[in-house]
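Residue strings, one per chain:
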Amino acid sequence: MAIIVKNMLDAKGRDVVTVSPDRTLLDVAGILNDKKIGAVVITGMEGRIAGIFTERDLVRAIAGKGPAVLDQPVKSAMTTAVQRCKEETTVDELMGMMSSGRFRHVPVEQDGKLSGIVSIGDVVKSRIREIEFEAEQIKAYIAG
Ligand code: AMP
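Residues numbered from 1 in each chain as written. Predicted model: local features only at pLDDT ≥ 70, side-chain atom pairs only at ≥ 80, totals over all residues. Heavy atoms only, no water.

**Q** I'm lost on the pattern of salt bridges in this one. Help?
**A** Should the charged atoms of two oppositely charged side chains come close, the side chains can pair. Evaluated as defined, the whole model comprises 11 salt bridges. Put simply, D10 and K6 hold a salt bridge, and the shortest N to O gap is 2.9 Å. Taken together, the positions of D10 and K6, both in helix 1 (residues 5-12) and four residues apart, correspond to about one turn of that helix. Among the salt bridges present, the one from K75 reaches D22, with a minimum N-O distance of 2.8 Å. Within this pair, whereas K75 is found in the loop between helix 3 (55-65) and helix 4 (91-101), its partner D22 is found in the loop between strand 1 (18-19) and helix 2 (25-35), the two being separated by 53 residues in sequence. (Salt bridge = Lys/Arg side-chain N within 4 Å of Asp/Glu carboxyl O. Helix = DSSP H or I, 4+ residues; strand = E, 2+ residues; numbered from the N terminus.)

**Q** Could you clarify how one ought to interpret the sheet that holds strand 1 in this entry?
**A** Pairing between the strands of a sheet comes from backbone hydrogen bonds, and it takes one of two forms, parallel or antiparallel. Judged by pairing direction, the sheet is mixed, and its three strands sit side by side in the order 1-2-3 without closing on themselves. Strands at the two margins of the open sheet, each flanked by one partner only, are strand 1 and strand 3 (49-54). Sitting on the sheet, helix 2 is in contact with strand 1, strand 2 (39-43) and strand 3, with an inclination near 130° to strand 2. (Pairing = 2+ DSSP bridges. Contact = heavy atoms within 4.5 Å. Axes fitted to C-alpha atoms, helices over the stretch in contact; angles between N-to-C directions.)

**Q** Would you take a moment to explain the pairing of strand 3 for this structure?
**A** For a regular strand, side-chain orientation follows a simple rule: the groups alternate between the two sheet faces. A large share of strand 3 lies buried, amounting to five of its six residues. Examined bridge by bridge, strand 2 and strand 3 share five bridges and lie antiparallel to one another. Across the sheet, V41 pairs through a bridge with I52, a residue of strand 3. Two successive antiparallel strands, strand 2 and strand 3, enclose a turn made up of five residues, where E46 displays a positive phi of approximately 55°. (Buried < 20%, exposed > 50% of the residue type's maximum accessible area, 1.4 Å probe, protein only.)

**Q** Quick question: what am I supposed to make of a nonpolar patch on the surface here?
**A** A surface patch of nonpolar side chains, about 240 Å² in accessible area, is lined by I120, V124 and I128. One can find V124 in helix 5 (residues 120-143). Judged by its relative accessible area of 44%, V124 is partly exposed. (Patch = residues over 30% accessible without salt bridge, like charges linked within 9 Å, V, L, I, M, F, W, Y side chains within 5 Å. Areas by Shrake-Rupley, 256 points an atom, 1.4 Å probe, with all protein chains shown as cover.)

**Q** What's the story with the site of the ligand in this structure? I'm lost.
**A** What surrounds the ligand is a group of 15 residues, the closest being T54, D57, T79, R104 and H105. Between R104 and the ligand, the recorded distance is 2.7 Å, taken from a side-chain N or O atom to an oxygen atom. For the ligand, whose free accessible area comes to 470 Å², the fraction covered by protein is 92%. Residue assignment for the shell around the ligand shows that the elements contributing at least two residues are strand 3, helix 3 and strand 4 (105-110). Class assignment of the residues belonging to the shell around the ligand gives a composition of six nonpolar, four polar and five charged. (Near = heavy atom within 4 Å. Polar contact = N/O pair within 3.5 Å; in protein donor to acceptor, adjacent residues only side chain to side chain. Nonpolar A, V, L, I, M, F, W, Y, C, P; charged D, E, K, R; others polar.)

**Q** Can you walk me through the nonpolar core in this structure?
**A** A general trend in soluble globular proteins is that nonpolar side chains are found buried together. Among the nonpolar cores identified, the biggest contains 15 residues, and V19, L25, V28, V40, I42, F53 and V74 are the most heavily contacted of them. Here this core gets four residues from one element, more than from any other, and that element is helix 2. The contacts of V40, once residues within four sequence positions are left out, are V17, V19, V28, I31, L32, G51, I52 and F53. Among the nonpolar cores identified, the runner-up in size contains 12 residues, and M8, M97, V106 and V118 belong to it. (Core = buried A, V, L, I, M, F, W, Y, C linked by side-chain atoms within 4.5 Å.)

Okay, structure coming up:
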């Protein structure tokens, strides 16, 4: 049976760090650092997803505009065309999304609401667990 995003969220939890579009880049850098995460989801009215902002966007903004950009609101540097997945999305589909879109974070949306976020690290963990499980089954089969 294919592993799906729901299985990953059941294992890691459904908390998502969200920030409002008007927080400054400096505030958001502090949040990424404090929470030891690589991305925040920017939420607008009624908690709807307005964008995503990752450490990659922070590097791009500082390198392109200089340190004064840290006083700008995060909405000026976030990605607004956010690709999302559902709890039923398979890990294979998720890997396809991440590699073709070249990003490492995907918010999970269920019934129009944010229900989690998965990162490339979660995908790697899930794949390793799956491979270990398969190896155990093969060993058990060989041992009879
Ligand atoms: P990342 O590899 O996740 O740090 O993101 C690389 C770039 O893709 C950054 O500009 C992000 O804002 C953007 N990005 C990250 N996740 C997504 C996503 N799910 N949909 C669209 N863009 C994204």
